[in-house]
Number of protein chains: 2
Amino acid sequence: MSESTAVTAAMVVIGDEVLSGRTADVNINAVATACSEHGISLVEARVVADDIDAIVGAINSLRAQVDYVFTSGGIGPTHDDITADSVAKAFGVALLEHPTAMQLLLDHYSDPAELTPARRRMARVPEGGELIYNAVTKAPGFRVENVYVMAGVPAIMRSMLKAIFPTLRGGDVLQSVTVRVERGESSVADALTAIQARFPDVAIGSYPFTEGGRYGTNLVARSADLTRLGAVQAALQQLADDT
Amino acid sequence: MSESTAVTAAMVVIGDEVLSGRTADVNINAVATACSEHGISLVEARVVADDIDAIVGAINSLRAQVDYVFTSGGIGPTHDDITADSVAKAFGVALLEHPTAMQLLLDHYSDPAELTPARRRMARVPEGGELIYNAVTKAPGFRVENVYVMAGVPAIMRSMLKAIFPTLRGGDVLQSVTVRVERGESSVADALTAIQARFPDVAIGSYPFTEGGRYGTNLVARSADLTRLGAVQAALQQLADDT
């Protein structure tokens with residue numbers, strides 16, 4: 001894969017509840033997995049607070065560096081949902097009630113009196129934004145330029161990912177092989193360095209684990225070139241057999 | 001809690017395996033929980049790649065903004081473990097073999113021939129750094145100024161957190177109360193906004209969930225002032241009873 005064709009992405013998780021430890025984020029892994037499956041290289045993920053300046057800062061820093069920025073969280077109806085406000089500020093555009101988003105809410109709440117000010121908040125989209133639909137709720141996410149704004153609730157987030165990924169430009173999908181060694185990683189480190197030196201174009205990682213009180217290491221190689229990957233796999237397997 | 005006494009922290013997770021989706025990070029939640037328990041406000045967490053420039057950039061940006069920076073990952077014996085190199089570069093100091101870290105390794109490997117070049121890598125500490133011990137392995141983490149460098153393996157990471165947190169300056173510990181409402185959050189959003197307006201000094205969040213196909217919302221208030229927190233709890237409970 002040549003550098004020029006690499007497609008890159010970054011993620012911004014918006015949520016005091018993650019930074020307080022109350023909630024363990026699972027959306028980074030969902031986005032990371034989706035990116036890998038589409039040949040998109042996720043280069044950074046940030047968790048920021050429910051704070052406009054923090055959100056604006058992260059989005060503006062990252063959207064200039066990568067092809068796609070994905071955000072999760074802060075698009076619900078309550079006072080602490082400030083992602084739409086923040087994205088509008090980041091792009092310097094107005095935050096407007098989107099007619100299609102309003103219609104979705106009107107269709108959902110048969111009695112117009114149910115469309116409270118809080119619920120109307122969910123129809124606000126930065127000017128020029130396009131809606132991101134999902135199969136779980138009526139409240140959409142939205143895209144502004146290369147920034148994709150999605151829900152924090154994992155099931156809704158995953159539904160939105162399904163909607164947007166087919167529209168993204170993908171890259172060469174990296175395949176990976178894993179070779180398991182029943183020894184701690186320091187036992188294989190020098191040999192692994194030698195293998196990496198022989199195959200500088202293949203990303204090789206080493207992941208220690210313990211299982212039933214014994215040390216082991218997963219050796220993982222990733223590449224879009226299956227011939228090279230096969231050669232690395234053979235070298236790693238030889239290393240495992242020799243260890 | 002006055003703004004001037006707030007103690008702040010940030011986290012940097014170092015690991016291609018998290019960004020590829022291969023591994024789901026659990027260390028952010030461990031640090032977030034430890035911070036909350038010690039009255040330290042975790043203001044940001046970043047996941048960056050196994051790339052020196054990315055690690056240096058994240059550490060230098062964050063260490064200037066907060067009281068404490070915690071890192072996880074990249075301190076093992078293999079070629080992709082480059083956190084120590086990166087921290088040395090971030091501080092502009094040399095990377096040296098730390099005598100105490102070397103002694104720990106020598107004590108562990110009774111045969112000096114076992115102290116391979118790869119294993120010696122684990123004794124490298126930026127000049128002026130202090131070791132962070134753990135109860136799981138012989139390989140230490142280290143601290144340079146306000147940056148605490150820890151392992152990525154969760155059990156080792158948690159052991160290092162236990163070692164360092166008693167040495168940190170804590171802040172006022174926020175207590176939290178949770179009131180559960182058996183309705184979607186848009187049903188309570190307007191009333192919640194009114195409660196937040198009455199108690200601007202108490203952080204109030206709203207977390208929707210689904211359970212057995214039904215919508216519900218957890219209303220969470222956090223404050224160090226138990227009197228104020230009690231008043232908010234009563235208001236939230238009234239809201240839940242009225243809904």
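As a reminder, the structure under discussion sits directly above these lines.
Residues numbered from 1 in each chain as written. Chains lettered and ligands numbered in written order. Predicted model: local features only at pLDDT ≥ 70, side-chain atom pairs only at ≥ 80, totals over all residues. Heavy atoms only, no water.

Right, let's talk about the side chain of Asp80(B) for a bit. By the element assignment, Asp80(B) lies in the loop between strand 3 (68–72) and helix 4 (83–91). Here Ser206(A) takes part through its backbone nitrogen, which lies 3.3 Å from a polar atom of the side chain of Asp80(B). Only 2.6 Å separates the side chain of Asp80(B) from the side chain of Thr78(B), close enough to count as a polar contact. Residue contacts for Asp80(B): discarding those within four places in its chain leaves Ile204(A), Gly205(A), Ser206(A) and Asp50(B). (Helix = DSSP H or I, 4+ residues; strand = E, 2+ residues; numbered from the N terminus. Polar contact = N/O pair within 3.5 Å; in protein donor to acceptor, adjacent residues only side chain to side chain. Contact = heavy atoms within 4.5 Å.)

All names here are of chain B. Their axes nearest at 9 Å, the elements helix 3 (residues 52–63) and helix 4 cross at an angle of 50°. Here helix 4 runs oblique to helix 3, going by the angle between their axes. Here helix 3 runs over helix 4; the crossing is right-handed. Along the contact surface, helix 3 presents Ile52, Asp53, Ile55, Val56, Ile59, Asn60 and Arg63, while helix 4 presents Asp85, Ser86, Val87, Lys89, Ala90 and Phe91. Considered class by class, the residues forming the contact of helix 3 with helix 4 number 7 nonpolar, 2 polar and 4 charged. (Axes fitted to C-alpha atoms, helices over the stretch in contact; angles between N-to-C directions. Parallel < 35°, antiparallel > 145°, perpendicular 65-115°, else oblique. Left-handed = near helix turned anticlockwise from the far one by under 90°. Nonpolar A, V, L, I, M, F, W, Y, C, P; charged D, E, K, R; others polar.)

On the chain A side, the residues contacting the 54 residues of chain B number 54 residues. The contact between chain B and chain A buries some 3900 Å² in all, and 53% of this surface belongs to carbon and sulfur atoms. Among the residues of chain B in contact with chain A, Leu19(B), Arg22(B) and His79(B) are the three that bury the most area, contributing 15% of the side total. For the pair chain B and chain A, the number of links is 0 salt bridges. Our count for the contact surface shared by chain B and chain A stands at 22 residue pairs in polar contact (both at pLDDT 80 or more). Counting residues per element, the ones that place at least two in the side of chain B that touches chain A are helix 1 (16–19), helix 2 (27–37), strand 2 (40–48), helix 6 (117–121), helix 8 (189–198), strand 10 (203–211) and strand 11 (214–223) of chain B. Element by element, the count of residues in the side of chain B that touches chain A is highest for strand 2 of chain B, at 7 residues. Residue composition of the side of chain B that touches chain A, grouped by class: 25 nonpolar, 19 polar and 10 charged. As judged from the 5 bridges shared by strand 2 (residues 40–48) of chain A and strand 2 of chain B, these two strands associate in the antiparallel manner. Counterpart to Val48(A) in the pairing with strand 2 of chain B is Glu44(B). (Buried area = accessible area lost by both parts, 1.4 Å probe. Salt bridge = Lys/Arg side-chain N within 4 Å of Asp/Glu carboxyl O. Pairing = 2+ DSSP bridges.)

Further remarks concern the sheet that holds strand 11 (residues 214–223) of chain A. All names here are of chain A. Pairing is antiparallel in the open sheet, where 3 strands are placed in the order 9-11-10. On the outer flanks of this sheet lie strand 9 (175–181) and strand 10 (203–211), each paired with one strand and no other. Going from strand to strand, the sheet's axes swing by 20° on average, the running direction of each strand aside. Here strand 10 pairs with strand 11 via 9 bridges, running antiparallel. Following the sheet pairing, Tyr207 is matched in strand 11 by Asn218. Strands strand 10 and strand 11 of the sheet are contacted by helix 8 (residues 189–198), whose axis makes an angle of about 155° with strand 10.

This part is about the relation of the copies chain B and chain A. Note on the copies: chain B fits chain A at an RMSD of 0.0 Å, the axial shift is 0.0 Å, and the rotation between them is 180°. One copy is carried onto the other by what is essentially a two-fold rotation axis. Proximity to the rotation axis, assessed at the C-alpha, singles out Arg46(B) in chain B; its C-alpha lies 2.2 Å from the axis. The overlap is high: 100% of the interface residues of chain B also sit at the interface in chain A, so the same surface is used on both sides. (Least-squares fit on C-alpha atoms with pLDDT ≥ 70 in both.)

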